[in-house]
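Each chain, letter by letter, is given below.
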Amino acid sequence: MSSFGWRHSLFAPAVALVVSALLLVAGAVEWLLKSVGATTAPRAAELVVTLIIAVFLTAVLRIARAVPDLQRESAATKRARTNIKAVKPSQDTLVGRRLVLFQEAADAGNDCEAVLSARSALDEGEMANKHHLDHALIWALPVFGFIGTALTMAAMVTSFSEGLGDDGDPSKLMTALKAQVLPELASAFGVTLIALFLSVLAFGAMALVERAEREAVGAADEVFLIYIARLPAKQAAPAMNGLAQELAISRGRTEELVKGLDALRTAVERLSAVESRPQRYTLVREQ
């Protein structure tokens, strides 16, 4: 990967970490926890929520990278629908790659439709592979939420055991429950609630982008299917030329074989006729 590729791949995590850290410092994370029902904001819960926000922003920024590409693909497809000659093969677009393959297949006498179908399958596979890390980040959001819940509950149990004391006084038990258990419990479930809500948002954005990408592939395929259907038969199926040549060669060889078999059959018939003809033998006495 080039240095530009590394910088581009690290841009989203860096921005996400900076923004989430600023939210933590500004008190937005504490406000977010209290807005979902937490009466307190333990430090562990705030740190986990900050991590969840960073992962969410990273996934969203990575997903948003596809928007300019989708706009560029949409513009190229619209130009191709109006006039196929307006497509520039040098541009790295869906219709541009298909036009290059179509021209190469036509020049080589191959099946253009089969080549375009293979290109479409490759494009769909490439788009699916491109979003593997994005899906992993979205899947990790609820996991981080459960981890934050477990950490907060562990801190709650520790605080509860320290505040209870050794005398077993029921009044201290009630005081510890009200002051240390119930608030911490609300904060623990608040972390999971935030993670689940953000994962739903990220998954929705991912679904919209993937649907738009599939529609772009389908639109590019439709453009060239219409283009092939409107071409004359000799241009729409250039592979038939090569197939016709092969059939002509095969037909010529078959005719030569048939002629050879006819000649052989004639020779055999003549030989049979000679053998079946009555023979006359003459005895000659030597002097």
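Residue indices follow the written sequence of each chain, beginning from 1 at its first position. In keeping with the model being predicted, local features are shown solely for residues with a pLDDT of at least 70 and side-chain atom pairs are shown and tallied solely at 80 or more, while totals for entire chains, interfaces and linings include all residues. Excluded from the side-chain calculation are hydrogens and water; included are all heavy atoms of the structure.

1. Some thoughts on the pattern of salt bridges
The term salt bridge refers to a pairing of a side-chain nitrogen on Lys or Arg with a carboxyl oxygen on Asp or Glu at a separation within 4 Å. As enumerated under the stated definition, the model contains 10 salt bridges in all. A salt bridge links Arg 43 to Glu 46, with the shortest nitrogen-to-oxygen separation between them at 3.2 Å. Of this pair, Arg 43 and Glu 46 both sit in helix 3 (residues 43-64), three residues apart, which is roughly one turn of that helix. Judged by relative accessible area, which is 55%, Arg 43 ranks as exposed. Of the charged contacts in the structure, one is a salt bridge between Glu 213 and Lys 130, with a shortest N-O distance of 3.1 Å. In this pair, Glu 213 is assigned in helix 8 (residues 170-230) and Lys 130 in helix 6 (residues 112-130), connecting sequence segments 83 residues apart. Throughout this description, buried means an accessible area under 20% of the type-specific maximum (1.4 Å probe, protein chains only), exposed means over 50%, and partly exposed covers the range between. Owing to a relative accessible area of 3%, Glu 213 belongs among the buried residues under this scheme. A residue is classified by how much of its surface remains accessible, and Lys 130, at 37% relative accessible area, is partly exposed. Within the structure, one salt-bridge network assembled from shared partners comprises Arg 97, Arg 98, Arg 119, Asp 123 and Asp 221. We count a stretch as a helix when DSSP gives it H or I for four or more residues in a row; a strand needs E for two or more, and each element gets its number in order from the N terminus.

2. Quick look at the nonpolar core
For the purposes of this section, nonpolar cores are sets of buried Ala, Val, Leu, Ile, Met, Phe, Trp, Tyr and Cys residues that join through side-chain atoms within 4.5 Å. Leu 33, Val 49, Ile 52, Ile 138, Leu 141, Val 191 and Leu 198 are the most contacted members of the largest nonpolar core, which has 25 residues in total. Listed by contribution, the elements that provide at least two residues to this core are helix 2 (28-35), helix 3, helix 4 (66-82), helix 7 (132-164) and helix 8. Among the elements that make up this core, the one with the highest residue count is helix 3 (nine residues). Here, residues are in contact when the closest pair of their heavy atoms is within 4.5 Å. In this structure, Ile 138 is in contact with Ala 59, Ile 63, Ser 199, Ala 202, Phe 203 and Met 206, ignoring residues within four places of it in sequence.

3. What about the packing of helix 3 against helix 4?
Helix-helix packing is characterised by the crossing angle of the two axes and by the distance between the axes. Helix 4 packs onto helix 3 with a crossing angle of 15 degrees between their chain directions and a minimal axis gap of 5 Å. Considered as vectors, helix 3 and helix 4 are oriented roughly parallel to each other. Contact residues: Arg 62, Ile 63 and Ala 64 in helix 3; Ala 66, Val 67 and Pro 68 in helix 4. Nonpolar residues are Ala, Val, Leu, Ile, Met, Phe, Trp, Tyr, Cys and Pro. Charged residues are Asp, Glu, Lys and Arg, and all others, Gly as well, are polar. Looking at the contact of helix 3 with helix 4, its residues break down into five nonpolar, no polar and one charged. Axes, fitted as lines to C-alpha atoms, cover a helix only where it is in contact. Angles between the N-to-C directions of the axes lie from 0 to 180 degrees. We call two directions roughly parallel when the angle between them is under 35 degrees, roughly antiparallel when it is over 145, roughly perpendicular when it lies between 65 and 115, and oblique otherwise.

4. Some remarks on the confidence of the model for the protein
For every residue, the predictor states its confidence as a pLDDT score lying anywhere from 0 to 100. Mean pLDDT over the protein works out to 75, with 68% of the residues at or above the 70 mark. Averaged over each element, pLDDT in the protein is lowest for helix 9 (residues 233-236) (50) and highest for helix 3 (90). The model gives residues 1-6 a pLDDT under 50, and that stretch makes two contacts with residues more than four places away or in other chains.

5. Considering the side chain of Ser 120
Considering the arrangement of structural elements, one finds Ser 120 in helix 6. On the basis of relative accessibility, which here comes to 11%, the residue Ser 120 falls in the buried class. A distance of 2.6 Å separates the side chain of Ser 120 from the side chain of Asp 221, its partner in a polar contact. In contact with Ser 120, other than residues within four places in its own chain, are Arg 98, Val 217 and Asp 221. Here a polar contact is recorded for every N or O atom pair within 3.5 Å, except that within protein the pair must consist of a potential hydrogen donor and a potential acceptor, and residues adjacent in sequence are included only if both atoms are side-chain atoms.

6. With respect to the side chain of Arg 62
You can see Arg 62 is positioned in helix 3. The exposure class of Arg 62 is buried, given its relative accessible area of 12%. Ignoring anything within four residues of it in the chain, the contact list for Arg 62 reads Ala 12, Lys 130, Leu 133, Asp 134 and Leu 137.

7. As for a nonpolar patch on the surface
The grouping of Trp 139, Val 143, Ile 147 and Leu 151 at the surface amounts to a nonpolar patch, some 400 Å² of accessible area in total. Residue placement: Trp 139 occurs in helix 7. Residue classification places Trp 139 among the exposed residues on the basis of a relative accessible area of 62%. Patches in this entry comprise residues that are over 30% relatively accessible and not in a salt bridge; like charges within 9 Å are linked, as are nonpolar side chains (Val, Leu, Ile, Met, Phe, Trp, Tyr) within 5 Å. For accessible areas, the Shrake-Rupley method is used with a probe of radius 1.4 Å. Any residue's cover is judged against the shown protein chains and nothing else.

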